[in-house]
Amino acid sequence: MHRTRYYTLSASCPDRVGIVARVSGFIAEHQGWILETSLHAEPPREGEEVGRYFMRIEIKADSLPFHLAEFRERFRPLADELQMDWKITDSAVKKRVVVLVSKQEHCLYDLLARWQSKELDIEIPCVISNHDELRGFVEWHGIAFHHVPVGADNKAAAYAEVRRIFEEVRGDTMVLARYMQILSPELCAAYPGRIINIHHSFLPSFVGAKPYHQAYLKGVKLIGATCHYVTADLDQGPIIEQDVIRIDHSDAVEDMVRYGKDIEKTVLARGLRYHLEDRVLLHGNKTIVFR
């Protein structure tokens, strides 16, 4: 990440000759200074005639003679010609991240530590939980805490309230930091590509309340975690980041749980950072991640 203020142009379009030349040429015509470029071409999928091209370009903000609003207006005709899905963001504008959590605190603790140290240079307007246990810890950080209980008889109302809060605080991204509830299809559909989840990577083999105990009995040798976007298809959303650590027969269940928490924290923070820096582009249920 650069210390200077920059704009990030992220885009995808049908593959063809000259995409990079046209886009970089547009930037150069306006004296834009490109700081970083990431490019990737995907081959055609079954039934498609052409593949898809993905790009991420960082532009030094003060090299351009106009602000983002005018950039969007000037760039739009070219983007339309290339049939682009695109956006451009400003590094000076902090993303607003709403965190959802239940009782497992390790991911929440880690995110707040990274937020407080500016490693994650974001705003956290509030934390939402279906339990009240972590209120004191969250409010100690000066962050608003909302207790929204979720039960079999009030799920629709509860998720309507979560959505109301998210809209009220102008949230950009929702992070499920070990939030042990299944979001409603309506909530998932309202924010595609904007809700991030973390879970252990034992799925689908070891389901249920005690996956580490099941994995221990099976002699698993790798523990992992998966950070992904949330969709109505449970734990099947596009994957942003994954990692694993090796274990052996000498590790007890308690060791495995501790290792699992460590890797969940790391993978969630890394995946969230990729998302916030616009390094993740969607291609159906697949992600293109420019690390």
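Residues numbered from 1 in each chain as written. Predicted model: local features only at pLDDT ≥ 70, side-chain atom pairs only at ≥ 80, totals over all residues. Heavy atoms only, no water.

Draft legend 1. The UniProt feature "active site" (unreviewed entry) in the chain, seen in detail. The positions UniProt marks with the feature "active site" (unreviewed entry) are Asp-235. Its location among the elements puts Asp-235 in the loop between β10 (222-229) and β11 (239-246). For Asp-235, a relative accessible area of 27% puts it in the partly exposed group. (UniProt positions renumbered as here; feature names shortened; annotations may be inferred. Helix = DSSP H or I, 4+ residues; strand = E, 2+ residues; numbered from the N terminus. Buried < 20%, exposed > 50% of the residue type's maximum accessible area, 1.4 Å probe, protein only.)

Draft legend 2. Spatial organisation of the packing of aromatic side chains. One pass over the structure, following the stated rule, counts 7 aromatic pairs. On the numbers, 5.5 Å between centres and 90 degrees between planes, the contact of Phe-26 with Phe-71 is edge-to-face. In this pair, Phe-26 sits in helix α1 (residues 19-29) while Phe-71 sits in helix α2 (residues 68-81), placing the two residues 45 residues apart along the sequence. Across the pair, Phe-71 and Phe-26 agree in class, each one buried. Taking 5.0 Å as the distance between ring centres and 75 degrees as the angle between the ring planes, the aromatic pair formed by Phe-75 and Trp-86 counts as edge-to-face. On the criterion of sequence distance, the pair formed by Phe-75 in helix α2 and Trp-86 in strand β4 (residues 85-90) is long-range, its members being 11 residues apart. For Phe-75, a relative accessible area of 0% gives the class buried. Grouping aromatic residues by their ring pairs yields a cluster made of Phe-26, Phe-66, Phe-71, Phe-75 and Trp-86. (Phe/Tyr/Trp six-rings, centres within 6.5 Å; stacked < 30°, edge-to-face > 60°.)

Draft legend 3. Representation of the nonpolar core within the structure. In terms of nonpolar packing, the biggest core is built from 39 residues, with Val-99, Leu-108, Leu-111, Ile-124, Val-127 and Leu-268 touching the most fellow members. Breaking this core down by element, the ones donating at least two residues are β5 (97-101), α3 (106-116), β9 (195-200), α7 (211-218), β10 and α8 (253-276). At 7 residues, the largest contribution of residues to this core is made by α8. Core analysis: the next-biggest nonpolar cluster, separate from the first, contains 23 residues, Val-23, Met-55, Phe-71 and Leu-82 among them. (Core = buried A, V, L, I, M, F, W, Y, C linked by side-chain atoms within 4.5 Å.)

Draft legend 4. Examining the side chain of Asn-197 more closely. Relative to the assigned elements, Asn-197 resides in strand β9. In this structure Asn-197 touches Leu-176, Thr-226, Cys-227, His-228, Val-230 and Asp-235, once residues within four positions along its chain are discounted. (Contact = heavy atoms within 4.5 Å.)

Draft legend 5. Looking closely at α3. Summarising burial for α3: 8 of the 11 residues are buried, a large majority. Within the span of α3, buried status applies to His-106, Cys-107, Leu-108, Asp-110, Leu-111, Leu-112, Arg-114 and Trp-115. Those residues of α3 that are buried are in contact with β5, β6 (126-129), α4 (135-140), β8 (173-176), β9 and α8. Following α3 by one or two positions, Lys-118 has its phi on the positive side, about 70 degrees.

Draft legend 6. Representation of the sheet that holds β8. Judged by pairing direction, the sheet is mixed, and its 7 strands sit side by side in the order β7-β6-β5-β8-β9-β10-β11 without closing on themselves. Edge positions in the sheet fall to β7 (144-147) and β11, since each of these pairs with one other strand and no more. On average, each strand axis in the sheet is tilted by 20 degrees relative to the strand beside it, whichever way the strands run. As paired elements, β5 and β8 share 4 bridges and run parallel to each other. Among the inter-strand pairings, Leu-100 is bridged to a residue of β8, identified as Leu-176. Contacting β5, β6, β8 and β9, α3 runs over the sheet at an angle of about 155 degrees to β5. (Pairing = 2+ DSSP bridges. Axes fitted to C-alpha atoms, helices over the stretch in contact; angles between N-to-C directions.)

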